[in-house]
Amino acid sequence: MDSTLTEIEKLFLDARTTNEFEFVQTLINNYGMAENQTNTNLFEWFNAIEQYKILYSQLSSVEKARIGLLLYSTFFESSDLYRILGNLSYNKLNLRGSPILYWKTKKGDRLLGTGEKVSNLTILFEECKLNLLTKFFDETHFQELRNTFFHSAYTFYNEVYFLLDSDPITVNNSRVNQIDINTFLFPAIDRVIQFFDKLKEQYYYHFNSYTEDKNIYGNFPDKKEVIILGSENGLKGFVVKNTAQFYGEWVDSIVSFDTTYKFWFTKNIELNYPRIEDIITDERLTRYEKIDDVRITDEDFNSLTDLIIERGRKNEMERLISLLIKFGDKKYSTMENESNPFKKKGFVKIILHFYQRVISINRHLNLKYITERISQLEKL
């Protein structure tokens, strides 16, 4: 677990080193003008888990398990956990963070579910080569465990937790409906506590490290001079120099924290969400254009696909089609080189997913060879 905790430190440090302007925005973690405690769950999440940790340490047996499960489930349910870790990963990749990182579509009609967020996040970790963080979520997050506890679909007997009205949990490649609280549950909760403690420590370490103003450059959206505002209480905001002209005079854009009212305020910043969406969509496309392959279950790519289809912009659609073809072709090539006939056949449905999506959305390109490949695959 020590190496996993070191990777958390590395994620924060790499994000800060690669793109410090985006990094400080990730730390601010505030996406609207509001009192700081009402616009984010982060600080309540910090406080709640600290309270549960105290109770967890004071109890034993089934009583300890109940509080431990409350801690475990609260940890994995927080959107800010995934938003901060996801945006840090984007910053490490020198990409812009996003307040809508886990919206399913551009309409913002719903957030991705917790399982979908975990899937997205672990794919980002793999891209960032943070394999131990991926391993932590793979070995510690069990959707069925969280769901059965929060839905009161469980019982205890002889210090064993029984899942009721639920799919089994996969543990060491075995499907089980019961787990021992001493050998399985408590070690998982202890890993969560260690992860939480390190994440909180690193968040405050970096936030509080900004004790004085610092000059850097950042994209806003073009490259601009930026002053990170520091104080005795840590990060206080930032100033982007010379962003607009009023009556011939250059003015700065400011995000700053009002210590009297505990309020983040902005000055000379137009919250132009369509423009923000344009930038974020372009950067998400660019990210996938740099990747050779993608999983069919990559919810971020699937969400991006839905977003671009809804927007219906010719340039974005053509870039999306090129990505779908690239990923389909990659899997087609892998299939052709596969000697095991059973594994070979397993590729057909996945390849068709990408190629058929191309045909369904294409309005501008001549893709005869894709049609021919679909016909060929459908006969296999």
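Criteria and cut-off values
- Residue indices begin from 1 for each chain and proceed along its sequence in written order.
- For this predicted model, a pLDDT threshold of at least 70 governs which residues receive local features, and a threshold of 80 or more governs which side-chain atom pairs are given and counted, while totals over whole chains, interfaces and linings are taken from all residues.
- Side-chain metrics rest on all non-hydrogen atoms present in the structure, leaving aside hydrogens and water.
- Each helix corresponds to a stretch of at least 4 residues labelled H or I by DSSP, and each strand to a stretch of at least 2 residues labelled E; elements are numbered beginning at the N terminus.
- Buried means the residue's accessible area, taken with a 1.4 Å probe over protein chains only, is under 20% of the maximum for its type, while exposed means over 50%, and partly exposed covers the values in between.
- Working rule for contacts: check all heavy atoms of both residues, and any pair within 4.5 Å makes them a contact.
- Each accessible area is a Shrake-Rupley result for a 1.4 Å probe, and residues are judged covered by the shown protein chains and nothing else.
- Charge assignment: positive for Lys and Arg, negative for Asp and Glu; neither His nor the chain ends contribute.
- Taken as the charge centre is NZ of Lys, CZ of Arg, CG of Asp or CD of Glu, depending on the residue.
- Any Phe, Tyr or Trp ring, taking Trp's six-membered ring, that has another such ring centre within 6.5 Å forms a pair; planes under 30 degrees apart are called stacked, those over 60 apart edge-to-face, and the others tilted.
- To obtain an axis, a line is fitted to C-alpha atoms, over the contacting stretch when the element is a helix, and the angle between two such axes runs from 0 to 180 degrees between their N-to-C directions.
- Each angle is binned into one of four classes, with values under 35 degrees roughly parallel, values over 145 roughly antiparallel, values of 65 to 115 roughly perpendicular, and all other values oblique.
- Each residue gets one label: Ala, Val, Leu, Ile, Met, Phe, Trp, Tyr, Cys and Pro are nonpolar, Asp, Glu, Lys and Arg are charged, and the others, such as Gly, are polar.

Peer 1: Please explain the overall build of the chain as it appears in this structure.
Peer 2: Tallying secondary structure elements over the chain gives 14 helices and 10 strands in all. Within the chain, the proportion of its 380 residues that are buried is 48%. Counting only contacts in the chain whose residues sit at least 6 apart along the sequence, the fraction spanning at least 24 positions is 59%. Working note: accessible area of the chain is about 19,200 Å², and carbon and sulfur atoms make up 49% of it. When the 48 basic and 54 acidic side-chain charges of the chain are each reduced to a single mean position, those positions are 5 Å apart.

Peer 1: Where do I start with the packing of aromatic side chains in this structure?
Peer 2: Each aromatic ring pair is characterised by the separation of its centres together with the angle its planes make. According to the stated counting rule, one finds 31 aromatic pairs in the structure shown. On the numbers, 5.4 Å between centres and 70° between planes, the contact of F156 with Y161 is edge-to-face. F156 gets classed as buried once you look at its relative accessible area, which sits at 16%. Between Y288 and F301, the ring centres sit 5.1 Å apart and the planes meet at 65°, which makes this aromatic pair edge-to-face. One end of the pair, Y288, is in helix α10 (residues 273–289); the other, F301, is in helix α11 (residues 299–311), and 13 residues separate them in sequence.

Peer 1: So what exactly am I meant to see when it comes to the packing of α11 against helix α13 (residues 341–361) here?
Peer 2: For any two helices packed against each other, the geometry is given by the interaxial angle and the distance between the axes. For the pair α11 and α13, interaxial distance at closest approach is 12 Å and the crossing angle is 10°. Judged on the interaxial angle alone, α13 and α11 are roughly parallel. Contacts from F301, N302, T305, D306 and I309 of α11 reach α13 at H353, F354, R357 and I361. Across the contact of α11 with α13, the residue classes tally to 4 nonpolar, 3 polar and 2 charged.

Everything listed here is a matter of geometry and, on its own, says nothing about what the molecule does.
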